[in-house]
Each structure stands twice: as structure tokens, then as C-alpha cells.
Amino acid sequence: MVALLPAPGPGESLSLCTRHSVQVGVQGSVVGLTSSIRPERPCGRVVSLLDQASHRGVGWVSPIRLGRSSARPAFISSSMFNSGIISAAQPQPLWVCPSRANTFLESAPTSSRPPPSWPLAGPGSGPPAPAVWADTCQVCFFRNGGGPGAMKPVRVVTIWWVLLLVSRLGATRRGSPEEASFYYGTFPLGFSWGVGSSAFQTEGAWDQDGKGPSIWDVFTHRRKGKVLGDETADVACNGYYKVQEDIALLRELHVSHYRFSLSWPRLLPTGVRADQVNEKGIKFYSEFIDALLRSNITPVVTLHHWDLPQPLQVKYGGWQNVSTADYFSDYANLCFEVFGDRVKHWVTFSDPRTMVEKGYETGYHAPGLKLRGTGLYRAAHHIIKAHAQAWHSYNSTWRGKQQGLVGISLNCDWGEPVDISNPKDVEAAERYLQFCLGWFANPIYAGDYPQVMKDRIGRKSAEQGLDTSRLPAFSLQEKRYVKGTSDFLGLGHFTTRYITERNYPSRQGPSYQNDRDLVELVDPNWPDLGSQWLYSVPWGFRRLLNFAQTQYGDPPIYVTENGASQKSHCTQLCDEWRIHYLKGYTNEMLKAIKDGVNIKGYTAWSLLDKFEWEKGYSDRYGFYYVEFNNRNKPRYPKASAQYYTKIITANGFPNPREVESWRLKALETCSINNQVLAAEPLLSHMQMVTEILVPTVCTLCVLIAAVLLMLLLRGQS
């Protein structure tokens with residue numbers, strides 16, 4: 001049972017009581033039993049709810065979670081009501097599941113298959129569609145809080161909701177069907193393996209050697225409470241001063257490429273080339289690129305990974321102003337000019353969808369603006385134009401002599417319909433992908449925004465009394481200019497969602513979430529990796545890759561981001577869960593290649609633990625653990641680093657016995673590294689004492705020697 005609730009006002013909470021028993025339905029060969037949910041305690045138990053009006057950009061709060069207060073979802077059961085174990089959901093996708101104690105659902109009918117519009121072929125083609133269940137459990141809510149009307153009933157939201165059931169590849173328990181469908185084989189000859197990072201997240205040295213401030217420098221310094229623990233990236237991994245050490249780690253991994261970003265404000269302190277070019281910044285990146293090439297590592301360079309120069313934000317409004325596209329083009333030309341003789345793979349923007357949604361819609365990222373339903377579309381429009389300008393500049397001026405490639409990196413999770421027999425769910429899943437991936441990819445590959453975006457946003461804009469759509473329009477000339485401006489498609493992917501239809505009235509106001517008219521769900525059986533949003537669902541990766549191939553005309557695809565995080569309180573280097581994630585996702589990528597998808601390379605995210613935007617240092621994606629409490633920021637290899645090296649060396653998965661031996665060996669090695677890490681606080685303390693004691697003793701020795709010398713000279717005289 002899940003209910004969407006109207007967002008409570010300031011100082012208010014919501015009380016919950018149940019009125020009716022749950023009735024689980026029957027579909028196909030699936031049989032469910034009824035489960036009574038009747039609280040022994042009277043109605044009126046208070047349930048605190050997070051106000052997600054600002055988090056999601058919509059006028060609804062997250063669904064309540066019925067379960068224990070743990071990171072993993074719990075099942076609904078009548079005992080939870082009886083004992084009052086009801087807690088607020090953290091900001092994350094909705095999920096529901098019948099009680100294991102009271103209701104058991106068998107596997108969904110194996111006859112369920114994806115329709116032709118969701119192309120898959122070959123071994124392990126993913127799970128059948130989940131069975132759809134309706135319940136008649138009604139929930140009553142009372143509004144609590146100060147002022148008149150306390151404890152008055154509010155409008156009951158009764159939902160015939162879905163209970164998700166995933167079998168075969170979607171499940172990770174009871175026999176591990178994923179393992180049964182594992183594909184042993186090798187990647188094509190010349191397949192490129194790599195890892196990635198970004199400048200702001202790793203470099204530190206935020207104001208050193210002529211670097212100007214970025215919007216993220218200002219965001220983390222001035223806006224207290226916006227980043228977990230009020231952390232900054234002033235030092236981060238100290239990568240600016242540890243280039244040789246990090247390149248040694250890359251050699252240790254045996255990667256063939258390294259994806260990193262240039263810091264725009266490090267090269268152009270004001271963001272404007274005509275104002276000043278920072279030669280120290282040019283020298284730093286030039287030497288870094290040379291060091292990579294000496295190690296036979298191909299540089300894959302991102303021009304912009306979210307760290308816009310602050311002066312452009314102050315003077316022009318950043319990406320809200322189309323003039324920023326011109327300044328970006330000047331910056332890109334500088335990079336092509338000074339680095340293009342050695343860099344042959346360029347990425348203009350990294351995950352621009354997240355950049356504009358969190359930067360201009362919800363305000364969770366720099367520059368922290370909340371321009372609901374307008375700011376993100378305007379910023380995206382200008383970013384697409386900026387990308388096209390950079391591509392055309394390279395194509396007309398630099399390609400002939402440098403022979404490189406220019407593309408863009410777009411992140412998107414896979415969206416699977418809750419019920420493939422329900423046209424509304426199928427349409428909602430398609431809409432999810434178009435609002436996510438198609439938003440940027442469609443203009444680049446087809447010349448305009450997806451029709452569903454134009455129709456939905458245009459209709460809702462009219463219903464909200466606007467004369468024109470909140471989604472900007474390309475002119476005919478701009479469509480021709482933007483279309484075809486990518487030599488490859490960079491695709492980032494982390495997880496999967498189930499999607500179902502949900503109509504949000506236009507009167508709720510403009511927002512990206514309301515424009516999509518859908519709800520995201522997850523299956524509680526999916527492995528929860530510790531983050532609130534990231535679940536391990538490898539089969540979705542293969543589906544997304546196939547979708548991109550068919551949707552955009554079989555472009556060359558580079559996987560530019562894929563990885564899993566762990567929470568900072570866990571300093572365990574034996575990250576077996578990441579090994580399973582890496583193994584599953586890279587294997588689904590191999591299956592996609594066998595399907596015919598033109599995948600050229602894979603970038604695991606990321607080389608190091610690093611600053612994770614609004615999460616601070618709480619989430620760790622790295623193959624190498626960074627001890628941020630030590631001012632030297634030492635790096636320690638995790639088990640997944642050794643496992644990834646084995647995949648790279650074998651260029652795939654040769655046979656079950658050898659692949660299993662990789663895991664065992666990696667876990668054995670990491671146990672030793674764990675002991676070294678455990679001794680780190682003592683070593684750091686000894687180092688600190690040494691750094692203080694040795695200079696002090698030396699100074700005293702010099703003083704004593706000087707005094708003795710003076711006495712000696714005086715005695716002789």
C-alpha cells in the first residue's frame with residue numbers, strides 16, 4: 001500500500017490510519033492471498049513526512065514507507081501497523097511489495113515478453129513484465145499543526161496501486177537467474193577500457209596558480225546547508241598536486257583511456273578568452289596529457305563538467321543567457337588549439353540534464369536557482385546550441401589537421417513499463433526516456449526536441465495561461481545547424497526504474513516532474529547499494545543501449561559513466577557488492593554488443609573517491625579509497641580495482657572458473673589492504689608528530705651548536 005499525499009504546510013505533519021484490508025488480485029498463473037491490516041492502536045498516530053515540494057519540484061511529498069528505519073526497503077505487514085513501525089520515506093523512488101509474512105506471490109507468467117519496441121535478443125533478454133496488482137486498502141489522513149483546523153481530515157487519496165513482482169533477471173535472490181544467464185565471451189579487438197573523473201571533484205587547488213572561481217566554489221562557500229556537512233572541494237583529492245601518483249594508479253589498472261575534464265575557470269579565470277588566458281593552467285593540463293600519452297593512456301577530455309566560471313553567472317546569468325554559448329565556443333576553440341594535437345576524443349558536456357535540473361529547477365546544485373518549469377528548459381536550449389557551436393568549430397577549423405572526434409555525454413536510467421499490456425504504462429516509459437535521453441539526443445540526431453516533450457509542455461503551458469510553450473523552440477535554421485553535431489554518443493547509466501502513468505494537473509504549477517506525468521518505482525528485491533537512488537539492475541543497461549542504437553540510427557557509442565557508490569561510514573576495501581555490480585553491468589554491455597550495438601569503449605566511474613556535489617564526501621564511487629582526513633589524501637585500492645583489471649586484461653569473461661578466481665583473489669588481497677588502512681590513523685599521527693618534532697629538534701641543535709661555537713670563539717679570544 002502506497003499513498004501520495006498533499007505536501008504538508010510549515011510545522012505540520014500527517015497522521016495515518018488504515019480502514020480496510022488489503023485484497024491481492026489474481027493475474028494469469030499468479031495467485032495471491034488476502035492480508036488483513038487492522039491496527040490495534042487507534043487512528044491518529046503521527047507520521048512525519050519529508051516535504052518534497054522543493055526536492056522533486058512537484059507539489060507532492062514522497063510516499064510513506066511502511067517498514068523499519070533501515071537503508072533497505074522492508075515489506076508491508078500487519079505487524080508494522082500493530083507495533084507502530086511506520087517511518088517517513090527518504091527522497092527516493094516509490095516502491096511497494098506485498099508482505100512476505102501474509103501474502104506470497106508466485107512468479108509472473110513466463111509468457112510475458114517485451115513488445116517489439118523494446119528490442120532485445122540473445123542470451124538473458126531480461127525479465128518478463130511484472131504482474132500488476134490492485135489493492136483496496138484505503139488510508140485516511142489528518143492534518144496536524146498549529147493554528148485553526150488542527151486534526152481536521154484532509155482529502156483522502158485512494159490509489160489502486162501496483163505491487164511489483166519481478167522474476168528471472170530482475171530478481172537477485174532464490175537461485176540468481178542473472179548468474180544462470182551470464183554470457184561468457186570477449187569484447188571486440190580494440191575495445192577501449194577506462195575510468196573517469198572530473199576537475200572540480202578531484203583537483204582541489206581551488207584558488208591556486210591563477211585559477212578563477214567557479215559557480216561551485218561560490219555555492220559551497222556561501223550557501224551553508226546546501227552540501228552535506230558543509231563540505232567543499234577546496235582540496236578534494238588534491239589531484240592538482242598528485243598527477244604522477246594518479247597516473248601510476250591508471251597504469252596499475254591497465255586502462256587504455258582516462259576520461260577527465262578541464263576546469264574552465266582554471267584556463268580562463270573570468271570565463272572570457274579575451275580577458276585573460278591562464279598560462280599556468282595551460283601548462284598543467286598540457287603536462288598531464290603528455291604524461292598520460294607516455295603511459296600509453298588515451299586522454300578523453302570533457303570540456304565542461306558543471307564548473308561554470310562564476311563571473312559568467314554573475315554578469316550574464318550563466319546558462320540562462322544565450323551569450324554563454326558564445327563564450328563556451330571561444331573556450332572550446334582555445335582547448336582545441338592548445339591540446340588538440342594530442343587529444344583526439346572530446347566531450348563537450350557531461351550529463352547536462354542533471355546540471356540543468358538540479359541547478360535551475362530544484363536548486364540543489366550550483367548556481368542554486370529554483371526557476372520551476374522554465375529555467376532548466378532555457379538552460380538546456382542554450383547548452384545544446386553551445387554544443388553545436390563547438391562541434392561546428394572543430395569540424396570547420398581543426399578536424400582536417402587533428403583528425404579527432406567530438407561528442408556529448410548524456411546520462412539516463414532505463415525506464416521499464418510496469419505493465420507492458422497497459423498502453424499508458426508503455427507510453428509513460430517511452431516518455432520517461434524521451435524527457436531524459438531524448439531531450440538532448442533528439443535535437444542532435446534528429447534536429448528537434450521529442451514530439452512528446454513539445455506536445456506535453458506546450459499543452460500544460462497553455463492550461464497555465466501562458467501564450468507560448470515553456471519549452472523553447474528551434475528555428476528552422478537552428479534545427480539544421482544542430483542536427484548531426486556528434487561524432488559519437490556518450491552514454492552514462494547507473495540504474496533502472498519501473499514507470500507507470502500518473503497525471504499531474506496543470507494547476508499544480510509548472511515543473512519538470514509534473515510535465516512528465518509519470519511515477520518512478522523500484523523493486524525491493526533489487527540490490528540496494530547504500531545510496532537512496534542507486535539499485536543494481538544490470539538488465540536495464542542492455543535495454544538502454546539497444547534503445548539508443550535503434551532510436552538514433554546506430555551511432556558509435558562510448559559508455560562514459562557507469563558505477564556504484566558506497567556510503568562513507570563504510571571504509572571497507574573489500575567491496576564485493578561493487579564487484580557484482582561491475583560484473584553484471586559489463587556483461588550486459590557485452591550482450592548488447594552481441595545484439596549488434598556499436599559500443600566502442602567503456603568508462604567506469606570512477607578512479608577515485610571524490611567530492612560528490614550535494615552529497616559532499618558521503619558517497620564513494622572510486623576504485624581507490626581516499627583518506628580525506630589525512631592532508632596527504634593517500635589512496636588505497638579496493639577489491640573492485642583488482643577485479644576490473646582482470647576484466648580489462650582478459651578483455652571480457654573467459655570461463656566461469658577463471659572469473660570466480662578473480663573475485664576470490666581480489667577479496668584476499670583487499671583483506672591485507674584493509675589492515676594497512678586500519679593503521680592509517682596511527683601512521684598519520686606519527687607523521688604529524690615527526691613533522692613537528694624533527695624541525696624542532698633540528699632547530700634546537702642549530703641553536704646549541706651556535707652557542708657552543710660562540711663560547712669556543714670567546715674562549716680563544
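Just so you know, these numbers come straight off a predicted model, no measurement behind them.

Conventions used here
- All residue numbers refer to position in the chain's written sequence, counted from 1.
- With pLDDT at 70 or above as the cut-off, local features in this predicted model cover only qualifying residues; side-chain atom pairs require 80 or more to be listed or tallied, and sums for whole chains, interfaces and linings still use all residues.
- Each side-chain value is derived from all of the structure's non-hydrogen atoms; neither hydrogens nor water enter the calculation.
- In this description a helix means any DSSP run of H or I spanning at least four residues, a strand means any run of E spanning at least two, and both kinds are numbered starting from the N terminus.
- For every residue, the accessible area (1.4 Å probe, protein chains only) is compared with the maximum for its type, and the residue is labelled buried under 20%, exposed over 50%, or partly exposed between those bounds.
- In what follows, a contact means two residues having at least one pair of non-hydrogen atoms within 4.5 Å.
- Using a 1.4 Å probe, accessible areas were evaluated by the Shrake-Rupley method; residue-level cover was limited to the displayed protein chains.
- Disulfide assignment relies on a single distance test, namely cysteine sulfur atoms paired within 2.5 Å.
- UniProt positions are given in the numbering used here, feature names are shortened, and annotations may be inferred rather than shown by experiment.
- Any pair of nitrogen or oxygen atoms within 3.5 Å is treated as a polar contact; in protein, a donor-acceptor pairing is required on top of that, and neighbouring residues in sequence qualify only through side-chain atoms on both sides.
- Only strands joined by at least two bridges in the DSSP assignment are considered to pair.
- To get an axis, a line is fitted to the C-alpha atoms, and for a helix only the part in contact is used. The angle between two axes follows their N-to-C directions and goes from 0 to 180 degrees.
- Residues belong to one nonpolar core when they are buried, are Ala, Val, Leu, Ile, Met, Phe, Trp, Tyr or Cys, and are joined through side-chain atoms within 4.5 Å.

Asker: Sorry if this is basic, but what is going on with the overall build of the protein chain here?
Answerer: Counting its regular elements, the protein chain contains 20 helices and 21 strands. Out of the 717 residues belonging to the protein chain, those deemed buried represent 59%. Of the contacts formed within the protein chain by residues at least 6 apart in sequence, a portion of 77% connects residues at least 24 apart. Just so you have it, the protein chain exposes about 28,000 Å², and 55% of that area is on carbon and sulfur atoms.

Asker: Is there a simple way to explain the state of the cysteines in this structure?
Answerer: Between two cysteines, a covalent bond joining their sulfur atoms is known as a disulfide. Tallied over the entire structure, the rule returns two disulfides. Across the disulfide, cysteine 412 is cross-linked to cysteine 436 (sulfur-sulfur distance 2.4 Å). Placement of the pair is cysteine 412 in the loop between strand S10 (405–411) and strand S11 (414–417) and cysteine 436 in helix H12 (residues 423–446), with a sequence separation of 24 residues. Classification of cysteine 412 as buried rests on a relative accessible area of 1%.

Asker: Which parts of the structure should I look at to understand the UniProt feature "active site" (unreviewed entry) in the protein chain?
Answerer: Under the feature "active site" (unreviewed entry), the UniProt entry names Glu561. Structurally, glutamate 561 is set in strand S15 (residues 557–561). If sequence neighbours within four positions are ignored, glutamate 561 has contacts with Arg259, His305, Ser350, Asn411, Leu491, Gly492, His493, Phe494, Thr603 and Trp605. A polar contact is formed between the side chain of glutamate 561 and the side chain of serine 350, at a distance of 3.3 Å.

Asker: Teacher, can you tell me more about the sheet that holds S10 here?
Answerer: Sheet strands pair by backbone hydrogen bonding; their relative direction is either parallel or antiparallel. Around the barrel, eight strands lie side by side as S6-S7-S8-S9-S10-S12-S15-S17; this closed barrel has parallel pairing. Across this sheet, the average inter-strand angle for adjacent strands is 25°, counted without regard to direction. Alignment of strand S6 (residues 192–196) against strand S17 (residues 599–604), held across four bridges, turns out to be parallel. If you follow valine 195 over to S17, its bridge partner there is alanine 604. Seen against the sheet, helix H18 (residues 639–650) touches S6 and S17 and runs at an angle of roughly 155° to S6.

Asker: It is not clear to me how the nonpolar core should be interpreted in this structure. Could you clarify?
Answerer: Nonpolar side chains in soluble globular proteins generally cluster together in the buried interior. In this structure, Leu262, Trp319 and Trp346 are the most contacted members of the largest nonpolar core, which totals 159 residues. In contact with tryptophan 346, not counting residues within four places along its chain, are Leu262, Val301, Leu303, Cys335, Phe336, Phe339, Gly340, Tyr394, Leu405, Val406, Gly407 and Phe488.

Asker: What is the right way to look at the sheet that holds strand S13 (residues 496–501) in this model?
Answerer: Taking strand neighbours across the sheet as the criterion, the three strands line up as S11-S13-S14 in an open arrangement whose pairing is mixed. Two strands close off the open sheet at either side, each with one partner strand: S11 and strand S14 (518–521). Recorded for the sheet is a direction-independent mean angle of 40° between the axes of neighbouring strands. As paired strands, S11 and S13 are joined by four bridges and run parallel to one another. Its bridge partner being in S13, tryptophan 414 is matched across the sheet by threonine 496. Each of S11, S13 and S14 is contacted by H12, which is oriented at about 130° to S13, the strand it contacts most.

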